[in-house]
Amino acid sequence: MTLWRRHFLSVALALVGAALMMPVVDAGAASWRATIDGEARIGFTATQTGQPIEGRFERFQTEIAFEPDDLAASRAEVAIDMASARTGDPQKDAALPLPEWFDVANHPEARFLVRSFRRLDDDRFEATAKLTIRGATRDVVLPFTFTREGDRGRVVGALTIDRTDFGVGQGPWASDQWIAHPVTISIDLPAERHPPP
Amino acid sequence: MAWKTSPSGEDRNVGLVWRNTDRRYGVVALGLHWLIALLIIGMLALGLVMVRLTPGSTLQFDLYQLHKSIGITVLALSLVRLVWRLRNPVPPLPGGLQRWEIALARLTHVGFYVLMIGLPLSGWMMVSASVWNLPTMLFGVIELPHVPVLSTLDNKKPVEDALKRIHEAAGWAAMALLALHVAGALKHHLLLKDDVLTRMLPGRDLIARRRGHER
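How each quantity is defined
- Residues numbered from 1 in each chain as written.
- Chains lettered and ligands numbered in written order.
- Predicted model: local features only at pLDDT ≥ 70, side-chain atom pairs only at ≥ 80, totals over all residues.
- Heavy atoms only, no water.
- Contact = heavy atoms within 4.5 Å.
- Buried area = accessible area lost by both parts, 1.4 Å probe.
- Salt bridge = Lys/Arg side-chain N within 4 Å of Asp/Glu carboxyl O.
- Polar contact = N/O pair within 3.5 Å; in protein donor to acceptor, adjacent residues only side chain to side chain.
- Helix = DSSP H or I, 4+ residues; strand = E, 2+ residues; numbered from the N terminus.
- Phe/Tyr/Trp six-rings, centres within 6.5 Å; stacked < 30°, edge-to-face > 60°.
- Buried < 20%, exposed > 50% of the residue type's maximum accessible area, 1.4 Å probe, protein only.

Asker: How should the interface of chain A and chain B be read in this particular structure?
Answerer: A common measure of how large an interface is: the accessible area buried when the components associate. Residue-level contacts link twelve residues of chain A with 14 residues of chain B. Summed over both partners, the interface of chain A with chain B buries about 1300 Å², with 63% contributed by carbon and sulfur atoms. Looking at the side of chain A facing chain B, the largest losses of area belong to Gln91, Trp173 and Trp178 of chain A, adding up to 41% of the total buried there. On the surface where chain A and chain B come into contact, there are zero salt bridges. Here chain A and chain B share four residue pairs in polar contact (both at pLDDT 80 or more) between them. Top element by residues in the side of chain A that touches chain B is helix H2 (residues 90–95) of chain A. It accounts for four residues.

Written as structure tokens, this is what we have:
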């Protein structure tokens, strides 16, 4: 008897078992990915002597596979091109890349790497992540809502950081007298459902 | 002298007196003088006001940027003016002036050139050496690079402070010079009743005319 014929039954059983299991594994394995288009937005709000400064990052990349019903398998990583910060004020836009602020020459990218997701409610979640700006990494929690309509979804969230935790604003700018320490980072990312690979 | 009459017999405007004559300043010198004068008065006012506003306020920040933008404009215009001045003799001072009056007039005018160029330069240097490292955006549009070396010093603070004192002192000197200059112009016009003021004012003799006949 050849090896094949001797083990034929066990192989056949294994295949049938796998075939029976497939639908179970299939259901819910589709995940949500962020679509990078004109609508995707990562913005920031700072405060200059009481006045808000609104800005956004025009270039960023996301690697997100989010499954609300399988958070353990979900993952998200965002890389932000720090040279793409725009506030609408050329004066500020010229200052942000400088060593006193983002120091783009030495730290061209900021990274947001999710370690775990937590569900709070039907469409309210929390992402615990490591945020790296200007070479400094801190643990942060990003609360967000994930809403969906058919195959389209939307992730909206915001978190507030202390910019001095990351060294953003050096020398005289480290004082909160001119630019406040808290800075809010907000995300608004459209998402679409992707079939399993 | 032969007199010929043109068909119309009237004066023709053939343009403006661009260059100085031996009687008055031409349009170029005049235009530069009053334009720069207006800007300088504005700059002195801005300088006095802006440092007294709420530190770090948006208004103060915006006025500082305006001050820098106009300052570089004055620098550019003054350099043009200096070149024009060196290439165009000015009308001679009126006769009958005392030696001290002549010296004072010359000193005031030289002093103005020194300040018109030195004030913006010292401001530019101060901004370049500043620990704040704020980019200079001229009228919010074009970035003026920092003066090299100053922007990369290891210990900027004392250099920035020294340049700030120089810039402010020069500002006060400009105010004093301005008062002296105006007083002198008024003295010539009201007391001496000569044409020193009027030859730097717009007038009909700025329009070049050719009469219907030739002289």
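Asker: Can you walk me through the packing of aromatic side chains in this structure?
Answerer: The description of an aromatic ring pair uses the distance of the two centres, along with the angle that the planes make with each other. All names here are of chain A. Tallying each qualifying case throughout the model produces twelve aromatic pairs over all chains. Centroid distance Phe57 to Phe102: 6.1 Å. Interplanar angle 40 degrees. Geometry classified as tilted. In this pair, Phe57 sits in strand E3 (residues 51–57) while Phe102 sits in the loop between H2 and strand E7 (109–119), placing the two residues 45 residues apart along the sequence. Considered together, Phe57 and Phe102 belong to a single accessibility category, that of buried residues. Note on Trp101 and Trp173: the rings are 5.1 Å apart at their centroids and 55 degrees apart in plane angle, and the pair reads as tilted. A residue pair is termed long-range when its members are at least 10 positions apart, and Trp101 in the loop between H2 and E7 and Trp173 in the loop between strand E10 (152–162) and strand E11 (182–194) qualify at 72 residues.

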